[in-house]
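So you can see what is in the structure, the chains are spelled out below.
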Amino acid sequence: MTDKTAYYQKDLAEKLNSIRLTRVLNVLPDLQQHLFHLIPFLIQYNQIDVSDIIDPKTPCGIHNFILSDAMISACDALSLPISEAIDSSATAFEGIYAMGSTASFGQNPQSDIDIWLVYNSNLTQDQLNLIEYKNKLITDWFAGFEFEVNFYLVHPMQFRECSAFDNCQSVGIEHSGSSQHWLLLEEFYRSHIRLAGKIVAWWPDADSQDTESDPNLLYLGDVNSLPAGEYFGASLWQLYKGLNKPHKALLKVLLLETYASEYPHTQMITQQIWQYCQQQDFSVDNDAYLLLYQRIEAYLIAQGEHNRLEIVRRCFYLKSGVTLSCVSPHSATDWRVEKINSLVKQWGWSHELVATLDNSPYWHAGQLKWFNQQLSELLLVSYKNLLKFASKQTLSERMRVEELGLLARKLHTYFSHDDHLLQPLNRLWSLSTAEKSLTIRHCLKTSRFYLYRQPYDELDQFQVDTRYQQNAFDNHAIHDADNICSLVAWSVMNGLATSETHWFQVGRNKMRADKLGYLSRKLIPIMHHVPTVSKRDLCEPWFYQKIVFIANMDGDPTTQWFGPESMLDHANATVLSLGQTKQNMLSSVAIVCLDSWGEWQCHRFNGHTALLEAISFIILGLKRSNEQVDLSIISCSAKLKQQIFNQLKTLLLRCYGLMKKADQTNTLMHSITIGDQRYRLYFNSLGMMYRKRDSMAHKKSDETYVLPRPDLADDPHSSAPSVIYQYTVMGAKQYFLHKRNQMLDVYIADEINQLEHLQYQHTNINDFVAQESHLYVFDEKKQRHPVFNMPQFFQLVRIEGELTVMPFGLSKDEMGSAF
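Thresholds applied
Residues numbered from 1 in each chain as written. Predicted model: local features only at pLDDT ≥ 70, side-chain atom pairs only at ≥ 80, totals over all residues. Heavy atoms only, no water. Helix = DSSP H or I, 4+ residues; strand = E, 2+ residues; numbered from the N terminus. Buried < 20%, exposed > 50% of the residue type's maximum accessible area, 1.4 Å probe, protein only. Polar contact = N/O pair within 3.5 Å; in protein donor to acceptor, adjacent residues only side chain to side chain. Contact = heavy atoms within 4.5 Å. Expected span 1.5 Å × (residues − 1). Salt bridge = Lys/Arg side-chain N within 4 Å of Asp/Glu carboxyl O. Pairing = 2+ DSSP bridges. Axes fitted to C-alpha atoms, helices over the stretch in contact; angles between N-to-C directions.

Caption draft 1: Main features of the side chain of asparagine 552. On the secondary structure map, asparagine 552 appears in the loop between β11 (544–551) and α19 (566–571). Residue class for asparagine 552 comes out buried when judged on its relative accessible area of 0%. A polar side-chain atom of asparagine 552 sits 2.9 Å from the main-chain amide nitrogen of serine 587. Residues in contact with asparagine 552, not counting those within four places in the same chain, are Lys515, Pro557, Thr558, Met585, Leu586, Ser587, Ser588, Cys636, Ser637 and Ile644.

Structural data, given as structure tokens:
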């Protein structure tokens with residue numbers, strides 16, 4: 001391009017940049033304005049007074065850095081000394097850029113600021129590690145002012161030919177470098193703000209020659225030929241991000257859907273912004289977030305999707321943080337207010353709707369759950385549309401199969417329809433979900449329990465008859481489940497139930513209310529302290545980390561026992577077969593459990609063998625648990641609380657020990673008496689089963705009884721390595737791959753642990769995993785299964801002569817990191 005054109009394009013880019021800088025400061029409070037000005041200053045210098053000690057060897061310095069008056073004022077306001085000038089030749093960074101919703105209609109008081117640090121390609125990995133540490137210290141320092149700033153290191157060739165360099169890093173968890181490569185760069189181009197350093201050559205006809213002729217330009221790559229194979233990985237990643245910020249993710253997923261609908265003639269928002277710049281239009285209409293909304297709006301109107309459009313409008317309004325019904329101190333100067341007010345009138349919103357949206361920090365659980373459900377449904381609709389589009393393409397080579405599996409596994413927790421899963425409630429903008437009163441009501445017609453926010457005495461206006469449920473009361477249930485313990489656990493997990501919450505149950509007395517409150521208070525410390533889920537956890541079979549046994553929540557035989565409780569301790573009697581009548585004091589068992597994938601579940605067992613069924617259900621999930629598994633017992637009995645607790649704990653620890661000792665070659669037995677029946681529990685590598693003693697009388701030795709193992713395919717030359725049985729779990733399909741010379745052995749354990757053995761000649765493991773994953777994602781027959789229940793892949797490798805199971809595709813460093 002000519003010098004005149006180059007100067008003209010740089011001038012347009014800088015003009016837009018200047019306007020964006022003014023806009024971001026326009027909506028920030030004074031203190032945060034100072035902090036924002038300090039971002040490039042702290043990268044330019046190794047400021048030791050910020051937080052902790054920064055290694056003086058940490059690379060610093062930004063290309064053509066200028067210490068501005070605003071930075072000096074910020075240093076004065078925060079009592080930071082002005083550092084001495086550094087060697088101008090020692091510039092570790094090409095440029096510092098904010099990106100995302102900053103300075104757009106999407107910026108609100110709770111928005112974080114994402115900063116890209118484009119570093120010099122000559123930096124070593126050790127130097128990058130020092131910079132990472134410094135970035136963390138700066139992030140922590142900003143957090144002390146309630147100002148969230150996230151730093152991402154970006155190689156200048158990150159989006160062009162990064163594979164040729166040893167020091168390229170993934171852009172970060174927030175952006176998932178492998179699953180949305182060019183789409184991430186397009187977002188950067190359309191939204192970035194240069195804080196210091198080189199001007200980004202982001203205009204449509206920019207190329208690498210621009211930077212060769214002008215050393216003050218930075219060219220990161222061309223987004224005009226975005227590959228179709230990247231849409232699927234990007235949509236999956238946005239769904240994952242939507243677990244925390246679904247309103248934000250919905251807009252981005254719908255933009256992907258819009259882009260895909262125009263493929264291969266997609267016009268990126270980046271191109272629209274540049275067209276506005278060329279027309280000298282730097283008004284509010286030339287805003288990345290507003291243009292994003294307008295593109296989605298036009299697409300949905302063309303599709304006749306007016307219900308989806310209404311939710312999108314609410315997400316856009318809430319994301320802006322502008323509150324039209326209650327004027328804030330910054331509303332008078334907020335450059336977005338007039339435009340949003342105009343949009344709201346255009347949409348025909350009522351004052352009541354606007355007030356409800358503005359009141360979102362105080363939404364209760366019922367409102368949050370309704371909005372979450374709308375967002376989830378729309379996210380899944382977009383995902384399926386993108387899945388249909390992607391099925392005609394090949395998956396992006398940058399989308400690592402193992403990363404695909406991890407994302408899908410995490411999404412399965414949130415989008416599964418399993419009634420036993422305790423679904424987390426996204427609080428969105430709400431400051432608290434705590435309730436003063438919670439009421440449970442049982443419906444005979446549906447055999448389910450319903451949870452309400454109202455206290456019982458406010459419901460007297462309704463006819464309390466469990467045979468008929470046709471009244472307004474039912475329409476206000478905020479959650480339902482097939483058992484009471486599940487409702488209580490869900491309330492505790494999602495913050496509705498606190499130690500101060502009053503519980504009620506329709507048609508039951510105060511004793512029942514006290515029992516509900518007792519269970520709730522017992523669950524709070526257990527469910528509010530949970531381990532972090534790592535990549536290793538998600539790529540390995542699940543196991544239990546916490547198990548809570550809840551005894552006698554439904555029914556309570558101890559109310560019919562009138563003897564002194566102390567006698568049981570001295571007589572060494574068992575609560576499972578008490579007294580001359582051999583009465584079982586355990587009528588129901590509920591299990592609340594947390595697995596290593598971060599999933600809470602609740603299961604209920606009733607009847608004479610409830611305890612045995614409960615043990616049989618959990619025992620295989622304890623096989624791989626470590627010694628730190630948290631086992632809690634909550635007895636809700638009116639009497640014998642301590643005795644039930646002590647004896648259940650002894651029994652469960654005994655069963656846990658037997659399960660750990662059992663292997664492929666032996667079966668261990670334990671006898672137990674329940675009521676007037678004697679049972680034998682058999683433990684082996686496949687779990688636990690129980691039999692009445694009488695039904696096994698024909699056996700010579702109970703210890704020789706062996707549970708059947710799954711049949712292999714008809715292959716006389718092969719048998720499943722015993723190590724596989726340590727990794728099989730219920731509910732997940734698993735592939736165990738063993739490469740022997742030119743042969744690939746594939747052992748497939750299905751969702752119910754049935755095993756199949758296949759062999760392939762001259763087959764590469766990576767190719768096999770990629771092909772199976774592609775088929776599983778896109779094959780219509782496979783889609784009858786849960787949408788995100790992807791199979792797991794493992795390699796069988798020999799380490800020091802012993803056959804070992806390793807998760808496929810992830811390094812040791814990756815597996816230890818949080819996901």
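Caption draft 2: Inspection of helix α17 (residues 510–527) at higher detail. Under the 1.5 Å per step criterion, the end-to-end length of α17 is 25 Å for 18 residues, consistent within 8% with the ideal 26 Å. Listed in full, the buried residues belonging to α17 are Arg512, Ala513, Lys515, Leu516, Gly517, Leu519, Ser520, Leu523, Ile524, Ile526 and Met527. The opening residue of α17 is asparagine 509, an N-cap whose side-chain oxygen sits 3.1 Å from the backbone nitrogen of methionine 511.

Caption draft 3: Representation of the pattern of salt bridges in the model. Across all of its chains, the model carries 22 salt bridges by this definition. Here arginine 604 makes a salt bridge to aspartate 554, at a shortest N to O gap of 2.6 Å. In this pair, arginine 604 is assigned in strand β13 (residues 600–606) and aspartate 554 in the loop between β11 and α19, connecting sequence segments 50 residues apart. Through salt bridges with shared partners, a single network forms among Glu257, Glu305 and Arg308.

Caption draft 4: Main features of unusual backbone geometry. Cis geometry is found at the peptide bond from tyrosine 263 to proline 264, where omega equals 5°. By the secondary structure assignment, proline 264 is in the loop between α8 (246–262) and α9 (269–278).

Caption draft 5: Fine view of the environment of alanine 749. Locating alanine 749 in the fold gives a position in strand β19 (residues 743–749). With 22 residues separating them in the primary sequence, alanine 749 and tyrosine 727 have C-alpha atoms 9.8 Å apart. Non-local contacts of alanine 749, meaning those with residues more than four positions away in its chain, are made with Thr728, Ala732, Lys733, Gln734, Phe736, Gln754 and Leu755.

Caption draft 6: The sheet that holds strand β4 (residues 193–197), seen in detail. Spatially, β3-β2-β1-β4 is the arrangement adopted by the 4 strands of the open sheet, whose pairing is mixed. Strands at the two margins of the open sheet, each flanked by one partner only, are β3 (149–154) and β4. Across the sheet, the axes of successive neighbouring strands diverge by a mean angle of 20°, strand direction being ignored. Examined bridge by bridge, strand β1 (residues 93–99) and strand β2 (residues 113–119) share 6 bridges and lie antiparallel to one another. Directly across from glycine 95, in β2, lies its bridge partner valine 118. Helix-sheet contacts for helix α2 (residues 30–44) involve β1, β2, β3 and β4, and the interaxial angle to β4 is about 35°. Docked against the sheet, helix α5 (residues 182–191) engages β1, β2 and β4, running at close to 85° with respect to β1.

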